[in-house]
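# Summary of the model geometry
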Amino acid sequence: MTQVYFNGHWVAPEQAQISVFDRGFLFGDGVYEVIPAFAGRLFGLDEHLDRLGRSLDQIDIADPLTRDEWFAIIKRLISECASPDVSVYIQVTRGTAAKRDHAYPNPAVAPTVLVSGSPMAALSEAIRRDGAQAITVPDIRWSRCDIKSINLLPNIMARQQAVAAGASEAILVRDGLALEGAASNLFAVIDDELLTAPIGPHILGGITRQKLLDMIRGQGQIPVLEVPIPFDRLFDATEVFVTSSTRDLLPITRINDHPVGAGRIGPVWTALNQAFQQLKTVQVSP
Ligand code: PDD
């Protein structure tokens, strides 16, 4: 089994043990990142480490490692993982305090740092042929969804509702707006324009989302607007897909048991996905 990096050491996963007083365990007081590597090469490394830095900054934890140190750890992980496509998981918590107290420990304690890697599977044959299903659920998360917090209970509950309904993703709806997925960003083609929610405190600014937007703006495949998607207009969409580091562009062909557009994978997803797969092979870190 591939070793994990845990607080400065490389150990077997079962040997990476935290205290019961770790604030991540007690309070969910920490943040995380998921960074993909394709064919052994990292995609969006700097953007992911920048976002980790922003998340840490927002919760007043100093970034425990330099960029070079993160890179060396991540490189070693992906080279040791048996699979060519790997998702690298980073978690930093505020660390272990002597007693449970909501306020930050004073003086500060050393953060707990975990970096692990796991094989990442490509989209299944069935999804690439027929697309996936989604459901919509009320967004019961907090108002700082831009922080990649390890507190994921609402996201977990939403995703589980999707799984129970035989769907692949739950689309979160707040104040009449379809914002993003439980673990993905949302795109919809409405009136021949591609729409996605703007960056703000109610969504996580996805790296895949940003890479896709930059690609489309560079190549001009389709007009793209960062505007809120009204929930009821979601059902006028001719195509819908969600994006994330672990699922790329996941085409959604049914929402709440209604077909999206023709209920089949459409030309916009097909063209964008093809260009994105190409981008993944060229825009890589060593
Ligand atoms: N989640 N929105 C939410 C709520 C997410 O959890 C994620 C990713 C995204 C997409 O971000 P990115 O393109 O940077 O992966 C959007 C990761 C994959 C996870 O929690 O496993």
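Everything below is about the structure shown above.
Residues numbered from 1 in each chain as written. Predicted model: local features only at pLDDT ≥ 70, side-chain atom pairs only at ≥ 80, totals over all residues. Heavy atoms only, no water.

## Some details on the overall build of the chain
The line we're drawing: In this description a helix means any DSSP run of H or I spanning at least four residues, a strand means any run of E spanning at least two, and both kinds are numbered starting from the N terminus. The quantity called the radius of gyration is restricted to C-alpha atoms. Its globule counterpart is 2.2 Å times the number of residues to the power 0.38. Only protein chains enter the area calculation, which uses a 1.4 Å probe; residues under 20% of their type maximum are buried, those over 50% are exposed, and those in between are partly exposed.
Tallying secondary structure elements over the chain gives seven helices and 16 strands in all. Taken against the 2.2 N^0.38 rule, which gives 19 Å for 286 residues, the C-alpha radius of gyration of the chain at 19 Å falls within 12% of a compact globule. Along the first, second and third principal axes, the C-alpha set of the chain runs to 55 × 40 × 35 Å. Looking at the chain as a whole, 48% of its 286 residues are labelled buried.

## Describing the site of the ligand
How we decide: The rule for a residue being near a molecule or strand is that one of its heavy atoms must lie within 4 Å of it. Any N or O atom pair separated by 3.5 Å or less is treated as a polar contact, with the protein-specific requirement of one donor-capable and one acceptor-capable atom, and with residues adjacent in sequence counted only for side-chain atom pairs. Of the two site types, the cavity is a set of points on a 1 Å grid over the protein atoms alone where a 1.4 Å probe fits but cannot get out, and the pocket is an open set with protein on both sides within 12 Å along at least five of seven lines, each lined by residues with an atom within 4 Å of a point. Pocket occupancy is defined atom-wise: a molecule lies in a cavity or pocket when more than half of its atoms are within 2 Å of its grid points. For this classification, Asp, Glu, Lys and Arg are treated as charged, while Ala, Val, Leu, Ile, Met, Phe, Trp, Tyr, Cys and Pro are nonpolar and the rest, including Gly, are polar.
Within the structure, the ligand sits among 21 residues, and Y32, E180, I207, T208 and S245 are positioned closest to it. Here an oxygen atom of the ligand sits 2.9 Å away from a polar atom, N or O, in the side chain of R51. I207 is positioned with one of its backbone polar atoms (N or O) 2.8 Å from an oxygen atom of the ligand. Judged by its atoms lying within 2 Å of the grid points, the ligand is housed in the largest pocket. The set of elements that each furnish at least two residues to the shell around the ligand consists of β3 (30-38), α2 (45-58), β9 (177-181), β10 (184-190), α6 (207-219) and β14 (239-244). Of the residues in the shell around the ligand, the class split is six nonpolar, eleven polar and four charged.

## Side note on the environment of I18
Looking at the secondary structure, you find I18 in the loop between β2 (9-11) and α1 (23-27). I18 sits 64 residues away from A82 along the chain, and the two C-alpha atoms are 26 Å apart.

## Thoughts on the layout of surface pockets
Going by this rule: Grid points are joined across faces, edges and corners, and a volume is the space filled by probe spheres set on the points.
In this structure, the largest pocket spans a volume of roughly 710 Å³. In this structure, the largest pocket is lined by 36 residues; those nearest its centre are Y32, K148, L152, N155 and L204. Only β3, α5 (153-164), β9, β10, α6 and β14 provide two or more residues apiece to the lining of the largest pocket. Of the residues contributing to the lining of the largest pocket, the split by class is 14 nonpolar, 14 polar and eight charged.

## Observations regarding unusual backbone geometry
The step from N106 to P107 runs through a cis peptide bond, and the omega angle for that step is 5°. Despite not being glycine, D175 has its phi angle at roughly 50°, a positive value. Along the chain, the position of D175 falls in the loop between β8 (169-174) and β9. Phi angles above zero are rare outside glycine, and D248 is one such case at about 55°. Note on placement: D248 falls in strand β15 (residues 248-255). In this structure D248 comes out as buried when scored by relative accessible area, which is 12%.

## Some remarks on the nonpolar core
The nonpolar side chains of soluble globular proteins are, as a tendency, buried together. Filter applied, for reference: Residues grouped as a nonpolar core are buried Ala, Val, Leu, Ile, Met, Phe, Trp, Tyr and Cys residues, joined through side-chain atoms within 4.5 Å.
By size, the foremost hydrophobic cluster in this structure holds 39 residues, and its most contacted members are L194, L234 and V240. Here this core gets six residues from one element, more than from any other, and that element is helix α7 (residues 267-282). Counting residues in each nonpolar core, the second largest holds 25 residues, with A37, L45, W70 and I73 among its members.

## Here's the deal with the environment of V34
The criterion, for reference: The contact criterion used is simple: two residues touch if any of their non-hydrogen atoms lie within 4.5 Å.
Relative to the helices and strands, V34 is located in strand β3. V34 sits in the buried class, given a relative accessible area of 18%. Discounting chain neighbours no more than four positions away, the residues touching V34 are H48, S87, V88, Y89, K148, S245 and T246.

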